[in-house]
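Chains, contacts and geometry: an overview
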Amino acid sequence: MNISEMQAEILRLKKENDVCILAHSYQTHDILEVADFVGDSFALSVKAQSVDNSTVLMCGVRFMAETVKLLSPQKRVLLSHGGAGCPMAEQMSPEYIEKVKSENPDCAVVAYINTTTALKTVCDFCVTSSSALKIVNALPDKNILFIPDCNLGDYVKRQIPDKNFVLLEGGCPVHGQITADDVKSAKALHPNAPLLVHPECKPEVVELADYVGSTSGIMEFAKNSSESEFIIGTENSISEHLAYECPDKRFYPLSKKLICEDMKLTTLADVLYAVRGDKGSWEEITLDEQTQQKARKCIDKMLELG
Ligand code: 13P
Ligand code: SF4
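Right, let's walk through the structure included here. (Residues numbered from 1 in each chain as written. Chains lettered and ligands numbered in written order. Predicted model: local features only at pLDDT ≥ 70, side-chain atom pairs only at ≥ 80, totals over all residues. Heavy atoms only, no water.)

Here's the deal with the pattern of salt bridges
- Applying the stated rule across the entire model yields 16 salt bridges.
- For Asp154, the salt bridge is made with Arg158, and the minimal N-O distance between the two is 2.7 Å. Of the two residues, Asp154 and Arg158 are both situated in helix α8 (residues 150-159); the distance of 4 residues between them amounts to about one turn of the helix.
- The class of Asp154 is buried, set by a relative accessible area of 15%.
- Glu220 is the salt-bridge partner of Lys223, the closest N and O atoms lying 3.3 Å from each other. Here Glu220 and Lys223 lie together in helix α11 (residues 215-224), a separation of 3 residues that amounts to about one turn.
- Look at Glu220 and you get partly exposed, because its relative accessible area is 40%.
- One salt-bridge network, in which partners are shared between bridges, spans Glu9, Arg12 and Glu16. (Salt bridge = Lys/Arg side-chain N within 4 Å of Asp/Glu carboxyl O. Helix = DSSP H or I, 4+ residues; strand = E, 2+ residues; numbered from the N terminus. Buried < 20%, exposed > 50% of the residue type's maximum accessible area, 1.4 Å probe, protein only.)

In structure tokens, the structure reads:
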């Protein structure tokens, strides 16, 4: 089978088996082409509420599939590859956060959506990279414990100086390894290209950026800008997708290190096996009732405020 034959088979089977395919923008381009909806974490969460199909296949990482299950518990929710986690989501345990909460009793706990469902059960609000500023701004609380990403937390803190933030050591190992020297090297090669970065990057990188935003935010900014070339400071798949969408513009990855191995685990063949209900690496998401009810609260608040 070649790529187009496999894609045609996926399109036929998803209809026949009533499957909706949601894909995060870090997935490979061949997967985005067969998806019903592509977006950032916030857009995918909004979409998860309104899907009509009996089965939802999430092409992305585990916390994204769990978010779909929390929002649509009656549906069969599949993760495209059972091995695809987000290392940041696993960094802090509920027990550790309970301890930090007891040391900071005045704080509202704001969790980046890149967290496990178990961790969400001990948090008050959830945010994504595209909704964090709006949601934290809207909270009545003055003191915020922001977990787990201290880089996103620092970005939000700088934009909202009238609130107090407690940040912990956590973050994305992919974006977090990028330094100001990487920016210097990319700028030396492409001096006229604006730098667009994800807020999961270190403050020293964010400070040098011309635009800071979510994966969808970066894509929209580049599409609507009158500039003709850009340095892209997020997972390198975004540079590739933009090259398809804007053939007259040029997109240069900020660094060759910007590859998320977990996001890249899913292949087009995994998608085929999942829509066919065949043996493969996909996994059905199950969550116990009590965890589901507790964790959903902070996601519902995110959708209300975001
Ligand atoms: P977005 O919310 O921007 O899609 O980010 C998700 C993510 O995992 C970024 O690394
Ligand atoms: Fe997680 Fe970073 Fe990969 Fe995003 S890029 S899924 S935050 S490890």
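A closer look at the site of ligand 2
- By nearness alone, every residue bordering ligand 2 is listed as Tyr26, Cys86, Pro87, Met88, Asn114, Cys172, His175, Glu200 and Cys260.
- Structurally, ligand 2 is housed in the largest pocket.
- Of the residues belonging to the shell around ligand 2, the class tally is 6 nonpolar, 2 polar and 1 charged. (Near = heavy atom within 4 Å. 1 Å grid on protein atoms, 1.4 Å probe; cavity = no way out; pocket = protein on both sides within 12 Å on 5 of 7 lines; lining within 4 Å. Sits in = over half its atoms within 2 Å of the grid points. Nonpolar A, V, L, I, M, F, W, Y, C, P; charged D, E, K, R; others polar.)

Description of the layout of surface pockets
- One number sums up the size of the largest pocket: a volume of about 360 Å³.
- Contributing to the lining of the largest pocket are 30 residues, with Tyr26, Cys86, Cys172, Glu200 and Cys260 lying nearest its centre.
- Mapped by element, the contributors of at least two residues to the lining of the largest pocket are α3 (41-50) and α4 (62-71). (Points joined across faces, edges and corners; volume = space filled by probe spheres on them.)

Remarks on the packing of α11 against helix α12 (residues 237-245)
- Where α11 meets α12, the axes come as close as 11 Å, and the angle between the chain directions of the two elements is 35 degrees. Considering how the two elements wind past one another, α11 and α12 form a crossing that is right-handed. Counted together, Thr215, Ile218, Met219, Ala222 and Lys223 of α11 and Ile238, His241, Leu242 and Glu245 of α12 form the full contact between these two elements.
- Residues belonging to the contact of α11 with α12 are distributed by class as follows: 5 nonpolar, 2 polar and 2 charged. (Axes fitted to C-alpha atoms, helices over the stretch in contact; angles between N-to-C directions. Left-handed = near helix turned anticlockwise from the far one by under 90°. Contact = heavy atoms within 4.5 Å.)

Details of the side chain of Asp40
- Along the chain, Asp40 falls in the loop between β2 (37-39) and α3.
- One buried charged side chain, Asp40, makes no salt bridge at all; its nearest oppositely charged neighbour is Lys223, positioned 12 Å away.
- Among residues more than four places away in sequence, those in contact with Asp40 are His24, Ser25, Ser130, Ser214, Thr215 and Ser216. (Lys, Arg positive; Asp, Glu negative; His and termini not counted.)

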